[in-house]
Amino acid sequence: MKKILLFFYIIALISCNENKIKEQIEKAISTPFTNPPKLDVFNDVVQLETILTNKSTLKFTTWTKGNRWWRAHTPINLFGNHSMDNGYQNDLGFQIFGAEENYVNEIQLVLNISNLKEKKEALNHLAIFAEQTLFKLDIAIPDNLKIEILNDNQYFFENEFYYILLKKENRVENNQNMSGISELKLDEIVAIETRKLIIKSK
């Protein structure tokens, strides 16, 4: 009986912690951008794009004012095998956002999982890219970030300069828009899971 009670107590603690992390993530995401960003590397759009795509074939689109934010993105990087269910591969790409033309306030490393049979490999791909990205930006890699990515958990970290967030989304998407950039076409929707590593400067 005691073992059963302990089991449910542990489950309740895990659920409570997951809800707390989710609330912290949503609060951080909704926090307004501030300029100039405290992270120096975010104060030069071109330099940041160059750093993120160094030793890569990926190139950012033109830094453009959208409906709300300035933004740019890279083409998606396809990897793995095509899904037997929907014909699509998993993919990874960058998005950057800023409240003003001269500053980047947020980086998103976006993983779209269309082949669920290779989800483990996809999460490992994200973990590698996440650590490489933080290293390029000269941002200390939190000790438990990699394990949380591999375990497919949401994640929250902050200090006085920035947030590092790992957000899970389940959604439908367009095969021409696997990084969420263009509009959906109803005849080209495919079900996917999305994981976003967000680096947001304070």
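The sections below set out a description of the structure shown in this document. Quick caveat: nothing in here was measured; it's all calculated off a predicted structure.

1. A short note on the nonpolar core
Okay, step 1: In terms of nonpolar packing, the biggest core is built from 37 residues, with Ile107 and Leu137 touching the most fellow members.
Okay, step 2: Sorting elements by how many residues they give to this core places helix α3 (residues 119–136) first, with 7 residues.
Okay, step 3: Discounting chain neighbours no more than four positions away, the residues touching Ile107 are Phe42, Leu48, Leu52, Phe94, Gln95, Ile96, Leu137, Leu197, Ile198 and Ile199.
Okay, step 4: Within the second largest apolar cluster, 7 residues are counted, among which are Ile21, Ile25, Ala28 and Tyr163.

2. Observations concerning the pattern of salt bridges
A side chain of one charge can pair with a side chain of the opposite charge when the charged atoms of the two come close.
Okay, step 1: Under the counting rule described, the total for this entry stands at 9 salt bridges.
Okay, step 2: A salt bridge links Lys167 to Glu26, with the shortest nitrogen-to-oxygen separation between them at 3.8 Å. Taken together, the positions of Lys167 in strand β7 (residues 162–174) and Glu26 in helix α1 (residues 2–30) put the pair 141 residues apart, joining distant regions of the chain.
Okay, step 3: Of the residues examined, Glu26 reaches a relative accessible area of 36% and is grouped as partly exposed.
Okay, step 4: For Asp152, the salt bridge identified is with Lys119, shortest N-O distance 3.0 Å. With Asp152 in the loop between α4 (145–150) and β6 (155–158) and Lys119 in helix α3, this pair connects stretches of sequence that are 33 residues apart.
Okay, step 5: Through salt bridges that share partners, Lys119, Asp152, Lys168, Glu193 and Arg195 make up one connected network.

3. A look at the packing of aromatic side chains
Okay, step 1: This model, assessed by the stated rule, comprises 5 aromatic pairs.
Okay, step 2: Considering the side-chain rings of Trp63 and Trp70, the 6.3 Å spacing of their centres and the 25° angle between planes classify their relative orientation as stacked. Like Trp70, Trp63 is buried.
Okay, step 3: Measuring from ring centre to ring centre gives 6.2 Å for Phe157 and Tyr162, while their planes differ by 40°; the resulting arrangement is tilted.

Rules used in this analysis
- Residues numbered from 1 in each chain as written.
- Predicted model: local features only at pLDDT ≥ 70, side-chain atom pairs only at ≥ 80, totals over all residues.
- Heavy atoms only, no water.
- Core = buried A, V, L, I, M, F, W, Y, C linked by side-chain atoms within 4.5 Å.
- Buried < 20%, exposed > 50% of the residue type's maximum accessible area, 1.4 Å probe, protein only.
- Helix = DSSP H or I, 4+ residues; strand = E, 2+ residues; numbered from the N terminus.
- Contact = heavy atoms within 4.5 Å.
- Salt bridge = Lys/Arg side-chain N within 4 Å of Asp/Glu carboxyl O.
- Phe/Tyr/Trp six-rings, centres within 6.5 Å; stacked < 30°, edge-to-face > 60°.

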